[in-house]
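A look at the structure
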Amino acid sequence: MSDRNRLPVIQDETAGCGADSPSRRDFLRTAAAGAVIAAVSGCKPDAVVEELQRRHLTELSPARLQEMLGKLEKKWSAQYGKAVTVGARPPMPGVNFGYGLDLSRCIGCRRCVYACVKENNQSRKNPQIQWIRVLQMDKEHGVALNHATPYYDPEKVPEPGHFYMPVQCQQCRHPPCTKVCPVKATWKDPDGIVVIDYDWCIGCRCCTAACPYGARKFNWAEPNLPAAEMNPVTDYLGNRPRPMGVVEKCTFCLQRSRSGRYPACVEICPVGARKFGNLLDPESEIRQVMERKRVFIFKEELATEPQFYYFYAT
Amino acid sequence: MNIPSWRAVLPFAAAALVAVPLAALGGPPPTPAKAPAKAPAPAAAVQDIQAEPPPFSEGIFPCSQCHDKAGDPTPRQLAFHDDLQAELHHGPPSRWCLDCHDNGKRDFLHLINGKQIPFTESYELCGQCHGDKYRDWKVGVHGKRTGMWDGKKTYFLCVNCHNPHNPRFKALKPEPPPIPPQEQGR
Ligand code: SF4
Ligand code: SF4
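Residues numbered from 1 in each chain as written. Chains lettered and ligands numbered in written order. Predicted model: local features only at pLDDT ≥ 70, side-chain atom pairs only at ≥ 80, totals over all residues. Heavy atoms only, no water.

Taken together, the neighbourhood of ligand 2 is formed by Cys181(A), Pro182(A), Val183(A), Thr186(A), Cys201(A), Ile202(A), Gly203(A), Cys204(A), Arg205(A), Cys206(A), Cys207(A) and Val247(A). Taken together, the residues that form the shell around ligand 2 break down as nine nonpolar, two polar and one charged. (Near = heavy atom within 4 Å. Nonpolar A, V, L, I, M, F, W, Y, C, P; charged D, E, K, R; others polar.)

The next thing to look at is the domain arrangement of chain A. A common measure of how large an interface is: the accessible area buried when the components associate. Residues and elements named next belong to chain A. Once the domains are mapped, chain A shows domain 1 (8-87) and domain 2 (93-314). On the side of domain 2, 20 residues touch domain 1, which itself brings 20 residues to the contact. Buried surface at the junction of domain 1 and domain 2, both sides included, amounts to about 1800 Å², of which 61% is carbon and sulfur. On inspection of domain 1 and its partner domain 2, the count reaches one salt bridge. Taking the shortest distance from any N to any O, the salt bridge between Asp197 and Arg54 comes out at 2.8 Å. On the surface where domain 1 and domain 2 come into contact, there are ten residue pairs in polar contact (both at pLDDT 80 or more). Of all the secondary-structure elements, those providing two or more residues to the side of domain 1 that touches domain 2 are helix H4 (62-80) and strand S1 (85-87). The element contributing the most residues to the side of domain 1 that touches domain 2 is H4, with five residues. (Domains from an automatic or database assignment. Contact = heavy atoms within 4.5 Å. Buried area = accessible area lost by both parts, 1.4 Å probe. Salt bridge = Lys/Arg side-chain N within 4 Å of Asp/Glu carboxyl O. Polar contact = N/O pair within 3.5 Å; in protein donor to acceptor, adjacent residues only side chain to side chain. Helix = DSSP H or I, 4+ residues; strand = E, 2+ residues; numbered from the N terminus.)

Let us now look at the environment of Ala171(B). Structurally, Ala171(B) is set in the segment after helix H5 (158-161). With sequence-adjacent residues up to four places away left out, Ala171(B) is seen in contact with Lys156(A), Val157(A) and Pro158(A).

This part takes up helix H10 (residues 285-292) of chain A. Looking at H10(A), one finds that the buried residues are Glu285(A), Ile286(A), Gln288(A) and Val289(A). Considered in projection along H10(A), the buried side chains sweep an arc of 160° and stay on one side of the axis. Looking at the buried positions of H10(A), the neighbouring elements they touch are strand S2 (97-102), strand S11 (274-278), strand S12 (295-296) and strand S13 (308-311) of chain A together with strand S4 (145-147) and strand S5 (153-155) of chain B. (Buried < 20%, exposed > 50% of the residue type's maximum accessible area, 1.4 Å probe, protein only. Arc of directions from axis to C-beta.)

A complete count under the given rule lists 21 aromatic pairs over all chains for this structure. Arranged with centres 5.2 Å apart and planes meeting at 55°, the rings of Phe308(A) and Tyr310(A) form a pair that is tilted. Judged by relative accessible area, which is 0%, Phe308(A) ranks as buried. The exposure class of Tyr310(A) is buried, given its relative accessible area of 0%. Summarising the aromatic geometry, the rings of Tyr134(B) and Trp137(B) are spaced 6.4 Å apart at their centres and angled 20° between planes, so their arrangement reads as stacked. Remark: Trp137(B) and Tyr134(B) occur in helix H4 (residues 131-138); sequence separation between them is three residues, near one turn of the helix. Here a set of aromatic residues connected by ring pairs shows up, and it is made of Phe97(A), Tyr99(A), Tyr213(A), Phe252(A), Phe276(A), Phe296(A), Phe298(A), Phe308(A), Tyr310(A), Tyr312(A) and Trp149(B). A cation over a ring is seen here: Arg240(A) above Tyr236(A), with NZ or CZ 4.2 Å from the ring centre. When the ring centre of Phe156(B) is taken as reference, the NZ or CZ atom of Lys144(B) above it lies at 5.2 Å. (Phe/Tyr/Trp six-rings, centres within 6.5 Å; stacked < 30°, edge-to-face > 60°. Lys NZ or Arg CZ within 6 Å of the ring centre and 35° of its normal.)

Residue and element names in this part refer to chain B. Within the secondary structure layout, Leu84 lies in helix H2 (residues 82-86). For Leu84, a relative accessible area of 23% gives the class partly exposed. Residues Leu84 and Lys69, spaced 15 residues apart in sequence, show a C-alpha to C-alpha distance of 21 Å.

All right, on to H4(A) then. Two residues of an α-helix separated by three or four positions point the same way, owing to the 3.6 residues in each turn. Residue and element names in this part refer to chain A. Over its 19 residues, H4 runs 26 Å from end to end, which matches the ideal 27 Å to within 8%, given 1.5 Å per residue. Listing the buried residues of H4 in full gives Leu65, Met68, Leu69, Leu72, Trp76 and Tyr80. Along the axis of H4, the buried positions cluster into a sector of 95°, meaning they face one direction only. Exposed residues pointing more than 90 degrees away from the buried face of H4 are listed as Ala63, Lys74 and Ala78. (Expected span 1.5 Å × (residues − 1).)

Another point: the site of ligand 1. All residues adjacent to ligand 1 are Cys106(A), Ile107(A), Gly108(A), Cys109(A), Arg110(A), Arg111(A), Cys112(A), Pro166(A), Cys269(A), Pro270(A), Val271(A) and Arg274(A). Here the residues of the shell around ligand 1 sort into eight nonpolar, one polar and three charged.

Quick look at the interface of chain A and chain B now. Taken together, the 71 residues of chain A in the interface contact 46 residues of chain B. With both chains or domains summed, chain A and chain B bury close to 5000 Å², and 58% of this area falls on carbon and sulfur atoms. Linking chain A with chain B are 22 residue pairs in polar contact (both at pLDDT 80 or more), by the criterion used here. Put simply, the parts of the chain that give the side of chain A that touches chain B at least two residues each are H4, helix H5 (111-119), strand S6 (186-188), helix H9 (264-268), S11 and H10 of chain A. Ranked by residue count, the leading element in the side of chain A that touches chain B is H10(A), at four residues. A breakdown of the residues in the side of chain A that touches chain B according to their chemical character gives 36 nonpolar, 15 polar and 20 charged.

Quick look at the structure:
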């Protein structure tokens, strides 16, 4: 970037030291914003300043990370009245996740939508947040977004003349959302999963606008997660409770998939339309799908190169 | 950017811990640490795969409760299993019980070549006509699996999803649609 394009910000001595060094912490420190925010929000200043001054997740020492997770576990266990665990499962070496969705099977029943909400602790209503959106399309027009609706509500599905295309985060190989994030709150891990640190997110929603698939959802209000329905097995970058004002999206259920389990939507689908596995393993279901069926990626022309593949098994 | 991968580091750490006391004792050299970048997870070994039990109608199985010997093999309208016969919509109308159920060994099915198979292996029978689906099912392209993507998993049999007497998948009531943004009051 030439100097001409640079915004006239005042840099402190540490800002911009490493290429990857996020400057949010430095900004907050120099501005003493922590203290101000603490005073305004009425929280204990120490805790808030400490929270705001922590390093980026990828730079935390293992000890510091464990300490942070422990605090969250304690806080949420008390809040939800059950033993909540917060893991930080790392990507598994030698694994790159791929997802397959059989459009010739999906009947549009939305079982996946609600299994996802339950597994991933989404806000139930006001705001209602759902990471999967099932689009009903016309057989006559094929995959065409101008002939699609998520609001279909007949007595029974599938309806004649229609097919269904569930859309969720496509875990792009070239994710536009991570590029635009001004604070590096979202990035792509080596197993292919695009993750968000909800505590690092400033809620600017640049990523939401950049995503061509409408996958990113914003918590416009305090999430509404009934304690009885809260799933206590969580991961820091996955399904742990989110605060108001941050963005969230599908993570391939990383709290499950990084422990070897199938995502919740795969297990619930009554027609077996959803396939999941390791793209680096030739025997995996997703590789077998690619080997035997014609697969396509959604909005191929945007060169986002999703790790989410649609196919027709028949 | 990446979170430090403990899984990758642990084998080394463990090996180092083992190595020190063994070396002190002059024992055998420790097994070399596993390479951190482990090869792609192998497909589940056969013994890791279980199938859902086939669904049996209450009080009907085992068939040998009533059928103690071979019956009349002539296709005809039955007096007892008339309910099953009425809902039999699978292939041509000439389809008849003993096309699949075995007349000699009553708690078994049989293949076209006469081989008797238990109900837990009915996929072999289905695969005689639906070879393409059988091929896809064996590799996980057709059908459903639950459990671990890299390990122990449960396969659904053909008959766990398709009623063999009436295999077409039934329409379902959909879960409620999303609330449009303009209706999300705050
Ligand atoms: S659960 Fe399966 S069939 Fe139902 S909408 Fe989701 S993908 Fe389609
Ligand atoms: S909303 Fe959050 S994750 Fe998205 S671009 Fe803004 S800071 Fe980054």
